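# Analysis of the macromolecular model
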Amino acid sequence: MISEETVKRIRKFNKDRDWDKFHSPANLAKSISIEAGELLECFQWGDDEYDIIAVKEELADVLKYCIDMIDKLDLDADDILNSKMTKNETKYPVEKARGNCIKYDKL
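Before going into details, it helps to say that this report is about the structure given with it. This one's a predicted model, so the numbers in the text were calculated from it and none came from an experiment. Residues take numbers from 1 onward in each chain, read along the sequence in its written order. Confidence filtering applies because this is a predicted model: local features only for residues at pLDDT of at least 70, side-chain atom pairs given and counted only at 80 or more, and all residues used for totals across whole chains, interfaces and linings. Side-chain calculation: all heavy atoms of the structure are included, whereas hydrogens and water are not.

### Topic: the overall build of the chain
What counts is decided by this rule: Helix numbering and strand numbering both begin at the N terminus, where a helix is a DSSP run of H or I of at least 4 residues and a strand a DSSP run of E of at least 2. The size measure is the radius of gyration over C-alpha atoms, and the globule rule it meets is 2.2 Å times the number of residues to the 0.38 power. Between buried and exposed lies partly exposed: a residue is buried under 20% and exposed over 50% of the maximum accessible area for its type, with that area taken using a 1.4 Å probe on protein chains only. Note that His is not counted, nor are the chain ends; the positive residues are Lys and Arg, and the negative ones are Asp and Glu. In this description, the location of a charge corresponds to atom NZ of lysine, CZ of arginine, CG of aspartate or CD of glutamate.
When helices and strands are tallied, the chain shows five helices and zero strands. Put simply, the chain runs from its N terminus to its C terminus through helices and strands in the order α-α-α-α-α. The C-alpha atoms of the chain give a radius of gyration of 17 Å, which is well past the 13 Å a tight globule of 107 residues would have. Counting only C-alpha atoms, the chain reaches 50 × 35 × 25 Å along its principal axes. Taken across its 107 residues, the chain has 20% of its residues classed as buried. Taking the average place of the 18 positive charges on the side chains of the chain and the average place of its 24 negative ones, the gap between the two points comes to 5 Å.

### Points about unusual backbone geometry
Look at D18: it is not a glycine, yet its phi comes out positive at around 55°. Positive phi, normally seen in glycine, also occurs at D74, with a value near 50°. Relative accessible area serves as the criterion here: at 69%, D74 is assigned to the exposed category.

### Considering the pattern of salt bridges
We count it as follows: When a carboxyl oxygen of Asp or Glu is within 4 Å of a side-chain nitrogen of Lys or Arg, the pair counts as a salt bridge.
Taken as a whole and assessed by the stated rule, the structure comprises five salt bridges. Linking E4 and R11 is a salt bridge whose minimum nitrogen-to-oxygen distance equals 3.3 Å. Taking relative accessible area as the criterion, E4 reaches 44% and is therefore assigned partly exposed. Classification of R11 by relative accessible area gives partly exposed; the value is 38%. For the salt bridge of D68 with K64, the shortest nitrogen-to-oxygen distance reads 2.6 Å. In this pair, D68 and K64 are both assigned in helix 3 (residues 52-72), four residues apart and thus about one turn of the helix distant. The same class applies to D68 and to K64, which are both buried. Taken together, the shared-partner salt bridges in this structure form one network comprising E4, R11 and D71.

Function-wise, these values are silent; they only describe arrangement.
This is the structure in structure tokens:
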């Protein structure tokens, strides 16, 4: 889990550089998407051929921008994750979804 100390470090990093003014929800959504694309690029040439250091770097970028968006929108990460998990548990009941990757509307 991401500690409050790490979140504070991210906030300080942004504040020290006066970057909060650039962190509109739209800009952060774009940044998350861009960084997710860079994470995907780590797997471009195969599922098992990747540089774990590069994966960690890109995953950290995605997480950092997600934390920035949570802050910008004054959301609670646990709340939004648990809310989504409740929906997913309903959409993907164990007895129907176990062991397959079929989309919920086809189960």
